[in-house]
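Chain by chain, the residues run as shown.
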Amino acid sequence: MGKLGWKDLLEIAHADIRKIHEESLRSDSFDSYLGIQRELSPSRISEISEYFRTQDATFPTSIILSIKSSSIISKQIDVGLKNEYADNEQDNEIVSNVIIDEQKQIIKIRKVKEIASILDGQHRIEGLREGFENYLFTEDFEFNITLFIDMDIDDQAQVFSVINKAQTKVNKSLVYDLYEFTKVNSPQKTAHDIVRILNKNDKSPFFRKVKILGVANDKDRETIAQATLAELIIDYITASPIVDRDLIRRKKNVPIKKAGLSYSTKDEERRIFRSMFINENNEYIINVLWMYFSAVKKRWPRAWDDSSLLSKSTGVIAFMRFLRPLFISLGSRWDITENEYYSVLSRSTLKDSDFTKEKFIPGTSGQSKLYHLLVQECIANGKPGFVPE
C-alpha cells in the first residue's frame, strides 16, 4: 500500500474490458470476474470529473491495482517506453516492473503506459482523466493505492467480487440529512432544509409525509422519500449542484449572488428556483411548494391523505414536473396563491379514485402519463401562458 500522484496513476493504470472478455473465453475460472466487471458509465465519470475540480475533493479509499513483478521485453526497445518482446528469445530480456525498498519504505514501479490493471477504481481514474483533460489543474493530487503483485486471475476475480458484491449502497436520504451539519449554504443543504421544514410544520401539505433517512416509521402516512423530494427541488435550482457548492465554498464569506454562479433567462425558464436560491430567498421556494401542494391536496383530498399513488413518488414526481409549466404560465411569481394553483388544477377531470397503480404504472411511464394528462387538461389546448418542455 502507498500513495501515487495523479499524473503517474493516469499513465500506468488501465481497465481493459475487451481483454477481460477474451480471457473469459479461454478460462472457465474467469467467468465470475467477467460477470461483475462493470462497463464504464459516462454519467458517473462526468460526475466524478466535476467533483475532482472542487476545492474539497478527496478520495480516501484505495485504488486497487494488479501488476506483474516482471516483463519480458526486447533489448532493442527503450524499457521506459514499451512493453514488447521480440520473436527471437535471444533478443529479449527480463526487467522488473516493481522494486520494493523496505528500508526506505518505497515501492518503485516501472513507468510504462498501462502497465497496471485496475481491480477497483476505474470510474475514479477515468473521471480524473476527463477532469484534468478539460481543466487546468496545477496542484498536487495523490491517491491511496493498494498494489497486488503477481496475483493470478482467480484471485483477481475474488477481490473484485468481494468489493463489488459485498459492499452496501449508502442510503441517499441519509446523505441529504447530513447536510444539516454543514455551515456553508449549497443547493443540497437548501433542499434538505426545505424538506425538513415541509415535513415538520403541521400546516404543511407534507406534514409527516416524508420518509426521513429514507425509512418510514409510519408506512401508512410517510409516503415520499427525503432524497426523492430533495433531488426534485435541486433540479429546479441547478444543473450542477457540485459546481455551485464549490463556487459558494470558495467565497463563503460573501453572499451567494456574488459567488459567480451562472444565471440566464434560460436558467429562469428551466430552473424556476434558481434566482430565489442565488438571492438566498429560500422562504420563497418554500412558499411556492407549500401553496402548490396545498392546492393539490385541496383538489384531491382523499387521494392525498389516503396515501394513494398521488402522494407517493409517481404522483409527487409528476406534479413536481408539472409545476414548472404551471408556475411560468401564472407569471413565475413566488407569491402565487393556493387558490390560483387550485383554479388551474380544477380543470383536470381526474378523480381521487384515479390515482392507482393500474391507471398510472409506478415508475417513469406512469409519471410521464400523469404529467402529460395534467398539461393537456390544465394548461394546453390553446390556453394562454402554456410553456412546453
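S.K.: Explain the overall build of the protein to me, please; I cannot follow it from the model alone.
M.R.: A count of helices and strands for the protein gives 17 helices and eleven strands. Looking at the protein as a whole, 45% of its 389 residues qualify as buried. Considering only intrachain contacts with a sequence separation of at least 6, the fraction spanning at least 24 residues in the protein is 69%.

S.K.: So what exactly am I meant to see when it comes to the packing of helix α15 (residues 313-329) against helix α16 (residues 338-345) here?
M.R.: Taken N-terminus to C-terminus, the directions of α15 and α16 make an angle of 105°; their axes are 12 Å apart at the nearest point. Classed by the angle they form, the pair α15 and α16 counts as roughly perpendicular. Counted together, Phe319, Phe322, Leu323, Leu326 and Phe327 of α15 and Tyr341, Val344 and Leu345 of α16 form the full contact between these two elements. A per-class count over the contact of α15 with α16 returns eight nonpolar, no polar and no charged.

S.K.: What exactly am I supposed to notice about the confidence of the model for the protein here?
M.R.: For any part of a model where pLDDT is low, the fine detail of the predicted coordinates should not be relied upon. Per-residue pLDDT for the protein has a mean of 81; in total, 79% of the residues score no lower than 70. Highest mean pLDDT in the protein belongs to helix α13 (residues 282-299) (97); lowest belongs to helix α3 (residues 31-36) (38). A low-confidence stretch, residues 23-37 (pLDDT under 50), is modelled with 25 contacts involving residues beyond four sequence positions or located in other chains. For residues 384-388, every residue scores under 50 in pLDDT, and the model assigns this stretch eight contacts once sequence neighbours within four places are set aside.

S.K.: Help me understand the pattern of salt bridges, please; the structure alone is not making it clear to me.
M.R.: A side chain with one charge can pair with a side chain of the opposite charge if their charged atoms come near. Summed over all chains, the structure comprises 13 salt bridges. A salt bridge links Asp235 to Arg270, with the shortest nitrogen-to-oxygen separation between them at 3.0 Å. Of the two residues, Asp235 sits in helix α9 (residues 226-235) while Arg270 sits in helix α11 (residues 265-270), which places them 35 residues apart along the sequence. The exposure class assigned to Asp235 is partly exposed, which follows from its relative accessible area of 32%. Of the charged contacts, one joins Arg250 and Asp246 as a salt bridge, the two residues approaching to 2.8 Å between their closest N and O atoms. Of this pair, Arg250 and Asp246 both sit in helix α10 (residues 241-250), separated by four residues, roughly a single helical turn. Look at Asp246 and you get buried, because its relative accessible area is 7%. Each member of the salt-bridge network shares a partner with another, and the members are Asp235, Arg270 and Arg271.

Cut-offs used in this document
- Residues numbered from 1 in each chain as written.
- Predicted model: local features only at pLDDT ≥ 70, side-chain atom pairs only at ≥ 80, totals over all residues.
- Heavy atoms only, no water.
- Helix = DSSP H or I, 4+ residues; strand = E, 2+ residues; numbered from the N terminus.
- Buried < 20%, exposed > 50% of the residue type's maximum accessible area, 1.4 Å probe, protein only.
- Contact = heavy atoms within 4.5 Å.
- Axes fitted to C-alpha atoms, helices over the stretch in contact; angles between N-to-C directions.
- Parallel < 35°, antiparallel > 145°, perpendicular 65-115°, else oblique.
- Nonpolar A, V, L, I, M, F, W, Y, C, P; charged D, E, K, R; others polar.
- pLDDT = per-residue confidence, 0-100.
- Salt bridge = Lys/Arg side-chain N within 4 Å of Asp/Glu carboxyl O.

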